[in-house]
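Observations on the model geometry
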Amino acid sequence: PLSRSAPRTAPQTANAGVGWILGTMAASSLRVLLASAALLEGGRACTIIAVGKDASAYGAPMVGHSEDAGPIPNDVRLIRVPRRKWEKGSKRPLYNVNAFYPRIVDAERSPEYAPVHGQEVSEPLGYIPQVEETFGYWDTDYGVQNEKGLSIGESTCTAMTAGWPSDVPWGHNKAGIEELSKIALERCETARCAVQTMGDIAVEMGFYSADSGLPSRPAYSGTSECLTLADGKTGELWNFNILTGRNNASAIWAAERIPSDHVVAVGNSFTIRKLNLSDHENFLHSPGVTKLAEEMGWWNPKWAQHKDIFDFFYAYGYTPGKEAVVNLAQVLNFYSGRRMWRIFSLLSPEEGSKLDPDLGNLPHTKDPYPASVPAPKGSVTVQMVQNAYRDHYEGTVYDLTVGMAAGPHGNPNRGPVTFGVHGQWERAISMYRTSWSFVTVAKPHGRSVLWFGYDAPHGTCYLPFYGAATSGAPESYRSHDGGMAKFSTNVAWWPYSFINQWSEQNFELVNGEVQTKAKAMEAKARKHLEDWEKEASFFSDEAPLLAMDMLTSRSNALAEETFHHWWEFAWSLVVKYRAYSVIYNATDTGETVQKYPAWWLESQDVGYTLWTDQGPYHGVPDQGVPIPVPDQGRKAAGALELAAAALAALPVAAPVSEVELFRAELEEERRRRAVAEAAAEEALAAAHADGSFPSGVPVALLSAGAFGTLFAYKVGRVHGERIGTLHGYVSCE
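Residues numbered from 1 in each chain as written. Predicted model: local features only at pLDDT ≥ 70, side-chain atom pairs only at ≥ 80, totals over all residues. Heavy atoms only, no water.

**Some thoughts on the overall build of the protein chain**
Within the protein chain, the secondary structure is distributed over 16 helices and 28 strands. When burial is assessed residue by residue, the protein chain has 57% of its 733 residues classed as buried. Within the protein chain, counting contacts between residues at least 6 apart in sequence, those at least 24 apart form 74% of the total. Approximately 30,100 Å² of the protein chain is accessible, and the part contributed by carbon and sulfur atoms is 56%. (Helix = DSSP H or I, 4+ residues; strand = E, 2+ residues; numbered from the N terminus. Buried < 20%, exposed > 50% of the residue type's maximum accessible area, 1.4 Å probe, protein only. Contact = heavy atoms within 4.5 Å. Areas by Shrake-Rupley, 256 points an atom, 1.4 Å probe, with all protein chains shown as cover.)

**Notes on the side chain of Ser430**
Assignment of secondary structure puts Ser430 in the loop between α9 (382-389) and β23 (434-441). Polar contacts involving the side chain of Ser430 include one to the side chain of His458, which spans 2.7 Å. (Polar contact = N/O pair within 3.5 Å; in protein donor to acceptor, adjacent residues only side chain to side chain.)

**Description of helix α3 (residues 177-187)**
Of all 11 residues in α3, 10 are buried; the element is thus mostly enclosed. Those residues of α3 that fall on the buried side of the exposure criterion are Ile177, Glu178, Glu179, Leu180, Ser181, Lys182, Ile183, Ala184, Leu185 and Glu186.

**A few points about the sheet that holds strand β26 (residues 577-578)**
As summarised here, the arrangement of the 3 strands in space is β26-β27-β28, forming an open sheet in which the pairing is antiparallel. Each of the sheet's edge strands pairs with one partner strand only, and the pair in question is β26 and β28 (591-593). Note: strand β27 (residues 581-583) against β28, 3 bridges, orientation antiparallel. Considered in β28, the bridge of Ile583 is made with Glu591. (Pairing = 2+ DSSP bridges.)

**Focus on the packing of helix α10 (residues 493-502) against helix α12 (residues 544-576)**
In the contact formed by α10 and α12, the axes pass within 9 Å of each other and the chain directions differ by 25°. In terms of orientation, α10 lies roughly parallel with respect to α12. Helix-helix and strand crossings are classified by hand; for α10 and α12 the assignment is left-handed. Residues Trp494, Pro495, Tyr496, Phe498, Ile499 and Trp502 of α10 touch α12, and the partners they reach there are Thr562, Phe563, Trp566, Trp567, Phe569, Ala570, Trp571, Leu573 and Val574. Residues that form the contact of α10 with α12 fall into these classes: 14 nonpolar, 1 polar and no charged. (Axes fitted to C-alpha atoms, helices over the stretch in contact; angles between N-to-C directions. Parallel < 35°, antiparallel > 145°, perpendicular 65-115°, else oblique. Left-handed = near helix turned anticlockwise from the far one by under 90°. Nonpolar A, V, L, I, M, F, W, Y, C, P; charged D, E, K, R; others polar.)

**Some thoughts on the layout of surface pockets**
Each pocket or cavity is described by its volume, and for the second largest pocket that value is around 690 Å³. Taken together, 28 residues make up the lining of the second largest pocket; nearest its centre are Arg273, Lys274, Gln305, Asp311 and Pro368. Contributions of two or more residues to the lining of the second largest pocket are made by β17 (249-257) and β21 (309-310). Grouping the amino acids of the lining of the second largest pocket by side-chain chemistry returns 16 nonpolar, 5 polar and 7 charged. (1 Å grid on protein atoms, 1.4 Å probe; cavity = no way out; pocket = protein on both sides within 12 Å on 5 of 7 lines; lining within 4 Å. Points joined across faces, edges and corners; volume = space filled by probe spheres on them.)

**Quick word on the sheet that holds strand β18 (residues 262-266)**
What the 7 strands build is an open sheet, ordered β22-β18-β1-β2-β23-β24-β25; its pairing is antiparallel. The open sheet has two edge strands, β22 (372-374) and β25 (463-466), and neither has a second partner. Along the sheet, successive strands turn relative to each other by an average axial angle of 15°, direction set aside. Bridging between β18 and β22 involves 3 bridges; their strand directions are antiparallel. Paired with His262 across the two strands is Pro374, which belongs to β22. Strands in contact with helix α11 (residues 507-537) are β24 (449-454) and β25; relative to β24, the strand with the most contacts, it is inclined by about 155°.

**So, the pattern of salt bridges**
Taken as a whole and assessed by the stated rule, the structure comprises 28 salt bridges. Glu186 is the salt-bridge partner of Arg92, the closest N and O atoms lying 2.8 Å from each other. A residue pair is termed long-range when its members are at least 10 positions apart, and Arg92 in strand β5 (residues 91-94) and Glu186 in helix α3 qualify at 94 residues. Residue Arg92 is classed as buried on the basis of its relative accessible area of 1%. Residue Arg342 pairs with Asp391 through a salt bridge whose shortest N-O separation is 2.8 Å. You can see Arg342 sitting in helix α7 (residues 328-347) and its partner Asp391 sitting in the loop between α9 and β23, a full 49 residues away along the chain. Here Arg342 matches Asp391 in class, with each residue buried. Connected through shared salt-bridge partners, Asp75, Arg77, Arg103 and Asp141 make up one network. (Salt bridge = Lys/Arg side-chain N within 4 Å of Asp/Glu carboxyl O.)

**Focus on the state of the cysteines**
Using the criterion set out here, one finds 1 disulfide in the structure. Disulfide pairing is shown between Cys188 and Cys193; the S-S distance is 2.1 Å. Residues Cys188 and Cys193 are joined through a disulfide that is left-handed, its torsion about the S-S bond being -65°. Given a relative accessible area of 0%, Cys188 falls into the buried group. (Disulfide = S-S within 2.5 Å.)

**Concerning the pairing of β17**
Sheet analysis places strand β16 (residues 237-245) next to β17, joined by 8 bridges and oriented antiparallel. Residue pairing for β17: Thr244 is matched across the bridge by Ala251. The loop that links β16 with its antiparallel partner β17 comprises 3 residues; one of these, Asn247, has a positive phi angle of about 55°. Bridging between β17 and strand β20 (residues 283-285) involves 3 bridges; their strand directions are antiparallel.

**Comments concerning the packing of aromatic side chains**
What the rule picks out here adds up to 31 aromatic pairs. Where Phe310 meets Tyr316, the ring centres are 5.9 Å apart and the plane angle is 80°; that geometry is what we call edge-to-face. This pair shows no difference in class: Phe310 is buried, exactly as Tyr316 is. Ring plane angle 10° and centroid distance 6.1 Å describe the contact between Phe498 and Trp502, whose orientation is recorded as stacked. A residue pair is termed a helical-turn pair when its members lie 3 or 4 positions apart in one helix, as Phe498 and Trp502 do in helix α10 at 4 residues. (Phe/Tyr/Trp six-rings, centres within 6.5 Å; stacked < 30°, edge-to-face > 60°.)

**With respect to the confidence of the model for the protein chain**
A residue-level look at the protein chain finds 78% of positions with pLDDT of 70 or above and a mean pLDDT of 85. Note on residues 1-42: pLDDT is under 50 here. Beyond four places in sequence and across chains, it has 94 contacts. Confidence over residues 650-656 falls short of pLDDT 50; this stretch has 5 contacts with residues more than four positions distant or in other chains. (pLDDT = per-residue confidence, 0-100.)

**A few points about helix α4 (residues 191-205)**
With 15 residues, α4 extends 21 Å from end C-alpha to end C-alpha; this agrees with the ideal 21 Å at 1.5 Å per step. Along α4, the positions that sit buried rather than exposed are Ala191, Ala194, Val195, Thr197, Met198, Gly199, Ile201, Ala202 and Met205. (Expected span 1.5 Å × (residues − 1).)

**A few points about the pairing of β25**
Side chains Leu463 and Phe465 project from β25 onto one buried face, and the interleaved Pro464 and Tyr466 project onto a second face that is buried too. Judged from the 4 bridges that link them, β24 and β25 form a sheet pairing that is antiparallel. The residue bridging Phe452 from the neighbouring strand is Leu463, located in β25.

**A few points about the environment of Gln145**
Here Gln145 shows up in strand β9 (residues 143-146). For the pair Gln145 and Asp231, spaced 86 residues apart in sequence, the C-alpha separation works out to 9.2 Å. There is a polar contact of 3.5 Å between the side chain of Gln145 and the backbone nitrogen of Gly467.

**Thoughts on unusual backbone geometry**
With an omega of -15°, the peptide bond between Tyr101 and Pro102 qualifies as cis. The peptide bond linking Gly615 to Pro616 adopts the cis configuration, its omega dihedral lying at 5°. Looking at where Pro616 falls in the secondary structure, it is placed in the loop between α13 (598-601) and α14 (636-648). Phi is positive for His117, close to 50°, though the residue is something other than glycine. Tracing the backbone through its elements, the reader meets His117 in the loop between β5 and β6 (126-129). By relative accessible area, His117 is classed as exposed at 74%.

Structure, rendered in structure tokens:
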């Protein structure tokens, strides 16, 4: 059964034609199409990191989330939804929450969601009965943390089913993970309550994923969701996995309680493997959770070691088959698995060292990674989790800061690629496209903390907000003056994004300085929290609301102060790093230059050490492969001879490192083919320019070298298009 290929369920509207879809598309339909496009460009593939209370340095569980947004610009506001009492008989609306601004418009939800500038109030998909009183909480695309300490992180996952919201012609469902997470925070103090509440609503109202694509092309790599939840009351930590049920309706879900001394990693795939159907203390699930899987042949109870054990990921996780785009299975395998291995290795090194980093993580992986691993008691701090979110596999063979793709200054960011060029980058934990990330600490007695940071984690500064805050964040965190699609110095997201973009010119230097400053400020913030809470403890028993007011005021003041400081820091970087210089002061010794490193200059790909007045002028990507010389009047024979002479004269340099050699070997074949095609086509063009071969060029050279190379390359390219990797993967949340 580990090698079987399971069929997928056909969505109810799978026969909907693309032409009809485009012809009838309303605003809500456009949102689905944009989400589908995002899945082809690198989309919103978020990462969860969580820590059990006994592994935590604070005796309280932690949950982290990175909002790794795709090409749709996020609504970057951090919104405070206040505690509220409701009249008997009230209805709670369910919205199709936008990723873009404004995510919802509803003054009843929060004054900070009230319409401005002529905005129309959001139209609900449906309603559920409202409870008498709801808790206050911090809100983004997904609910984050409530006043009781219940905290949530999210990651979009793969699944064998797909579902769509009821505001598109082919949709039937009314509950997305965005609203489910918010309802959980409104109604629950504990993670167990939240899991059951979300599951019950999803089964009744129908679950859909925002990343399900279109019925004509369901995006099974993003049709389900995972949440990790922790609370300050019981200290429990739970994983919650959910997908749409049969025929684009209802929901199938499972939840697992994580041991209190474990750490968790979720990277866009389910992690519940051994769902014990008879252990209701540690596992919860929807009614008939195995039924669809058994009917479809995705699961057979005989495959389990015990009749009550059900491998939820094996049965319901998506394994791409022959119908999938090129080599999607390999992309998904390491897109998820590598992050899991790295997080376990960073937070629990002893346990991480026992794991194979090349195992991957697909539903049918033999001896798969566990959902969590143990960590020493009290060993994991909030800064360790923050630093894990900043990671690019530094110091490993997968290090994204080394190699030609990183450029001369160690840039780990890997952007989208040209359509039709197949390959694969390592998927870092810290992504250039992250809109925000956070780490929550679910402490009891109103002292839960949200450490929130804007833009890519490697360039952010995490700042504290209290889960039980008595007011919203500073205006800069919820401003309508600008957002991701409109620049404004009044918006707190922008100085972080600006600095991260400025770091692109010399990542090693600029980001190194940014991280040094950010970590120093975070250490200062941790000391502030300690001092504030000590001060509040003197009167919190007698005046708890007053104590919380003080803590809210202090944390907001720190956030506002840091916001202005970060703009000052941004402008200082503009002055300091410019025109390949580093300017320290206005003296005659106040400037140094940014130099290219020797290993990069000596690379034949760069061409610096190969240049002659006769060429090559642009480097020689591969030994033994001729390159075109950019002089249209030069004969093909001369171009080939010059390239060959340059290669023959090339000094043999010692390898920079094992990592560099490893990277070079992986890229060699692709570069060789690309250069061979370009060289052969130019040689042929020159040979036939006047209907004859250029004088002095042997026919054998052109036929065997040019024709042969071109033919071999094009045959290889056709084969490569069939088996190459997906040019970009986009799923999550």
